[in-house]
Amino acid sequence: MGPWAGSLLILLLQLSGGTQGDVLPAECSNSRDPGRIVGGQDAHAGRWPWQVSLRTRLQEHICGGSIIHPRWVLTAAHCFLESHNPWFYQIKVGGLSRYPTEPNTTITAISKIIIHPEYRQNWLSGDIALLQLDTPVQPSQATPVCLPEPQTALPNGTSCWVTGWGSTQERVLADTLQEVTVPLLDSETCEQLLHLEQPSLAGMQLIQDDMLCAGYGGGKKDSCQGDSGGPLVCSINHTWVQIGIVSWGFGCAKPNRPGVYTRVPFYTEWIHRTLNDSTHVHSASLGLLLVPLAVPLLGAL
Ligand code: ARG
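Residues numbered from 1 in each chain as written. Predicted model: local features only at pLDDT ≥ 70, side-chain atom pairs only at ≥ 80, totals over all residues. Heavy atoms only, no water.

### A closer look at the site of the ligand
- Taken together, 15 residues are adjacent to the ligand, and His78, Asp222, Ser223, Gly226 and Ser228 come closest.
- Between Asp222 and the ligand, the recorded distance is 2.8 Å, taken from a side-chain N or O atom to a nitrogen atom.
- Relative to its free-state accessible area of 350 Å², the ligand is covered by the protein chains to the extent of 91%.
- The leading source of residues in the shell around the ligand is strand 14 (residues 239-248), at 3 residues.
- Considered class by class, the residues forming the shell around the ligand number 4 nonpolar, 9 polar and 2 charged. (Near = heavy atom within 4 Å. Polar contact = N/O pair within 3.5 Å; in protein donor to acceptor, adjacent residues only side chain to side chain. Areas by Shrake-Rupley, 256 points an atom, 1.4 Å probe, with all protein chains shown as cover. Helix = DSSP H or I, 4+ residues; strand = E, 2+ residues; numbered from the N terminus. Nonpolar A, V, L, I, M, F, W, Y, C, P; charged D, E, K, R; others polar.)

In structure tokens, the structure reads:
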């Protein structure tokens, strides 16, 4: 083999084989403070370092989200009812305030919005979306939250935390990031509660396999409008793992009306696959482009 063809082959191998898609980071969940969100309290700086705010270009807060990788945000599909155009949105990373003029925060553009195909089809399940950021976030600004294994299941009653700038009372968004603890509730009980005093919903299954419920029978503490897309995290062996995405509820913090969340373990594989495919496309197409170039050269050996 001549020196030319040899180096071309090495180049090809490097381009097509060596490039992997985005994989989830080994480092996640390093909260610096281990320790309407309705009925919650102001969060402390650094406690939820994966929390982001999804906003319009005019800096109006729309939804919450979480950093799962320096280039990726996890959020809810229903946050994009207004537009699917990434240009319409921005992400605020770091800090506790809902307002953009806060020191040590970054406003980042979005390059891609990936809505789960299931959501496109039936709007009942698949309330999950991935956003690719234009520029990766710096480790000083945010730490990714850990994702659960697909088979992760936590016992009912496990206390988890939900965070966001959503309403704390009638239609008023929070100025400072709120946190509240809510217990996980099994789907069967949740389904029964949501049907109480709702004869028009008789016979309808509300809680799908890809949803989970959390909240108190007596209400009072809950996520609310504006918290959607934000993370429900539980501490598993001293590691914060995102188990839910704020999705829907009948009102907020009402008795017998738990909050409903997208069940993240149900989608762990989809998330991994989507991140991985996102950069693979480039390397694969680059390889394909070079093959016709390389074949005649190799044949000439
Ligand atoms: N759909 C709401 C949003 O877009 C979230 C509602 C959550 N409701 C609840 N009771 N937990 O912000």
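### Examining helix 3 (residues 187-195)
- Buried residues of helix 3: Cys190, Glu191, Leu193 and Leu194, and no others. Each buried residue of helix 3 sits inside an arc of 165 degrees when the element is viewed along its axis, so together they form one side. Facing away from the buried side of helix 3, by more than 90 degrees, are the exposed residues Glu188 and Gln192.
- Its buried side turned inward, helix 3 meets strand 11 (178-185), strand 12 (211-214), strand 14 and strand 15 (259-263).
- Of the residues trailing helix 3, Glu197 is marked for its positive phi of about 55 degrees. (Buried < 20%, exposed > 50% of the residue type's maximum accessible area, 1.4 Å probe, protein only. Arc of directions from axis to C-beta. Contact = heavy atoms within 4.5 Å.)

### Quick look at the nonpolar core
- By size, the foremost hydrophobic cluster in this structure holds 44 residues, and its most contacted members are Leu54, Ile68, Phe80, Ile91 and Ile271.
- Mapped by element, the contributors of at least two residues to this core are strand 2 (51-56), strand 3 (61-69), strand 4 (72-75), strand 5 (89-93), strand 6 (106-115), strand 7 (129-133), strand 14 and helix 4 (268-299).
- Considering every element that reaches this core, the biggest residue donor is strand 7, with 4 residues.
- Residue contacts for Ile271: discarding those within four places in its chain leaves Ile68, Leu74, Ile128, Leu130, Leu147 and Val264. (Core = buried A, V, L, I, M, F, W, Y, C linked by side-chain atoms within 4.5 Å.)

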